[in-house]
Amino acid sequence: MFQVSIWEKESFYSHKDVIIVGSGFVGLWSAYYLKKSHPKLSVAIVDRGIIPTGASTRNAGFACFGSVTELIADTLKSGEDQMLEIVEMRYKGLKKIRKTFKDREIGYEDFGGYELITEDQELDFNTMRSNIDYLNHSLKKIVKKEKSFYLSDERIAEFGFANLQHLIENRLEGQLHSGKLCEALLKLVVSMGVTILNSIEIKSFEKINGRIELQTNQHFNLSTNQLLICTNAFAKQLLPELDVEPARGQVLVTSEIPNLPWKGTFHYDEGFYYFRNLGNRILLGGARNKAFEQEHTYELSTSDNIQNELEHFLHEKILPATAFTIEHRWSGIMGVGTEKMPIVKEISDGVFCAVRMGGMGVALAPVIGEHVSRIMCSEKK
Ligand SMILES: Cc1cc2nc3c(=O)[nH]c(=O)nc-3n(C[C@H](O)[C@H](O)[C@H](O)COP(=O)(O)OP(=O)(O)OC[C@H]3O[C@@H](n4cnc5c(N)ncnc54)[C@H](O)[C@@H]3O)c2cc1C
């Protein structure tokens, strides 16, 4: 039988002030803010993957805060106040990323973002115009700019997309390299003294004599004073009462396209389709709305029907006259619920969660991490 040595027990696996479950963006930013405000805290992050294996290293790398059709749909569903609160968190989060890391460290590019409005969407011009004006007005106090969104129809010819009726531009949006951002965050928190434990799955937890004991899939348990669960899509596996469901997102990347006529991040159909340039290649993801039930899964695989739909979208709308091959395909799992607002709270004495980042957790994670670290530290006083 495998036994833990005294050295391991008194170092890697020692009792901690805080254990964070999940080393995606939210777990990492939470550790960063905990150590920043309380450098002496002993903090470990535990992840069941050999690297973070949920959404943070498997997304599209949009540094964005929402497209016009998506923000209007959110306003109609959850009200203006909630839409603005979430946009503000995303916008502040993007600023925090760029304040913490140099652009070249994380592959940040300032190419701007766009939303495509195609003929088959039948969006009346006056409605679209007034939606843009409404959002520009209400976002002004968040972004401190007169306009977030511009109607840029005069640029349609440059891009070469098929059946495009309107193009809405957002010059505040950018793109980054999610793998580089994750690695940079890992290095940063390790430099602050955080212990990273990979390939350990937390199966359950319980309070014993004022400590929180974590049962793992290994031959040992871990213990902590405070537990923070940042497992996003997988949150229900440890906290079944939460309103968080898995939503798989599938992606593909093309071969190099010589003379690709555009650079930037693009949204279509309330954000259900998204694509960007990756150098001269195209990364395209989405189409989850074509098979919601099938994509309600924890399986990190791809499916033929969604991949075929994405290829069809590429041929029909993005590159109607260009030959290309598909070189990469993958999926990641998002955490979604009946509302878009992330769940950040104390679940029970000493147990906290920061989950349900939806489709824009790159931007949300720094603000959510800072917020949950404040709640946890105020508990300590
Ligand atoms: C295909 C796709 C495209 C996306 N595109 C974008 C985008 O362009 N821009 C954007 O802002 N957002 C995007 N997102 C969303 C964004 O990636 C997520 O919101 C964000 O990464 C969530 O971070 P997280 O730390 O909450 O969760 P995750 O990154 O999912 O991390 C959770 C971690 O918990 C670990 N874990 C789970 N259960 C356990 C357990 N029991 N024990 C130990 N470890 C456990 C997992 O291994 C995982 O590493 C996209 C998501 C997907 C899937």
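This is a predicted model, so every value here is computed, not measured. (Residues numbered from 1 in each chain as written. Predicted model: local features only at pLDDT ≥ 70, side-chain atom pairs only at ≥ 80, totals over all residues.)

Colleague: Account for helix α4 (residues 80-100), naming residues and giving values.
Modeller: Compared with the 30 Å implied by 1.5 Å per residue over 21 residues, the 30 Å span of α4 between its first and last C-alpha is a close match. Those residues of α4 that fall on the buried side of the exposure criterion are Met 83, Ile 86, Val 87, Met 89, Arg 90, Tyr 91, Gly 93, Leu 94 and Ile 97. (Helix = DSSP H or I, 4+ residues; strand = E, 2+ residues; numbered from the N terminus. Expected span 1.5 Å × (residues − 1). Buried ≥ 20, exposed ≤ 12 C-beta atoms within 10 Å, placed from the backbone.)

Colleague: Outline the pairing of strand β2 (residues 43-46), supporting the account with residue identities and numerical values.
Modeller: Of the two faces of β2, the one holding Val 43 and Ile 45 and the one holding Ala 44 and Val 46 are both buried throughout. Sheet topology places strand β1 (residues 16-21) next to β2; four bridges connect them, and they run parallel. The residue of β2 that forms the bridge with Ile 19 is Ala 44. Handedness of the crossover is the feature at issue here: the chain leaves β1, passes through helix α2 (residues 25-37), returns alongside β2, and the resulting connection is right-handed. Direction of pairing for β2 relative to strand β8 (residues 195-197): parallel, over a ladder of three bridges. When the sheet's bridge partners are listed, Ile 45 is paired in β8 with Ile 196. (Pairing = 2+ DSSP bridges. Right-handed = clockwise from strand over helix to strand, strands pointing away.)

Colleague: For the site of the ligand, give the residues involved together with the corresponding values.
Modeller: Around the ligand lies a shell of 43 residues, among which Gly 24, Gly 54, Gly 249, Gly 332 and Gly 361 are the nearest. Those elements giving two or more residues to the shell around the ligand turn out to be α2, α8 (235-238), β12 (245-254), β16 (326-336) and α10 (361-380). The dominant element in the shell around the ligand, judged by the number of residues it contributes, is α10, at four residues. Tallied by class, the residues present in the shell around the ligand amount to 21 nonpolar, 18 polar and four charged. For the shell around the ligand, the domains that each give at least three residues are domain 1 (15-58 + 179-243 + 340-380) and domain 2 (109-174 + 244-336). (Near = placed C-beta within 6 Å. Nonpolar A, V, L, I, M, F, W, Y, C, P; charged D, E, K, R; others polar. Domains from an automatic or database assignment.)

Colleague: Tell me about the packing of helix α3 (residues 68-78) against helix α5 (residues 125-143), and name the residues and values.
Modeller: When two helices pack together, their arrangement is given by the angle between the helix axes and the distance between those axes. Following both chains from N to C, one finds α3 and α5 inclined at 75°, their axes separated by 10 Å at the closest point. Between α3 and α5, the angle is such that the two are roughly perpendicular. Of the residues in α5, those in contact with Val 68, Leu 71 and Ile 72 of α3 are Asn 131, Ile 132 and Leu 135. In terms of residue class, the contact of α3 with α5 is made up of five nonpolar, one polar and no charged. (Axes fitted to C-alpha atoms, helices over the stretch in contact; angles between N-to-C directions. Parallel < 35°, antiparallel > 145°, perpendicular 65-115°, else oblique. Contact = placed C-beta atoms within 7 Å.)

Colleague: Lay out the sheet that holds strand β14 (residues 273-278) in plain terms, naming residues and giving numbers.
Modeller: Read across the sheet, eight strands follow the order β5-β6-β4-β13-β14-β15-β12-β16 without closing on themselves; strand pairing throughout is mixed. Each edge of the sheet is formed by a strand with only one pairing partner; in this case those strands are β5 (149-151) and β16. Neighbour-to-neighbour, the strand axes of the sheet open up by a mean angle of 25°, direction not taken into account. Examined bridge by bridge, β5 and strand β6 (residues 164-170) share three bridges and lie antiparallel to one another. The residue of β6 that forms the bridge with Phe 149 is Asn 170.

Colleague: Give me the domain arrangement of the chain: which residues, what numbers.
Modeller: Reports of interface size often rely on the accessible area that becomes lost once the parts have come together. One can read the domain layout of the chain as domain 1 (15-58 + 179-243 + 340-380) and domain 2 (109-174 + 244-336). On a C-alpha basis, the centroid separation for the pair domain 1 and domain 2 is 31 Å. Facing the 16 residues of domain 1 at the interface are 11 residues of domain 2. Grouping the constituent residues of the side of domain 1 that touches domain 2 by class yields eight nonpolar, four polar and four charged.

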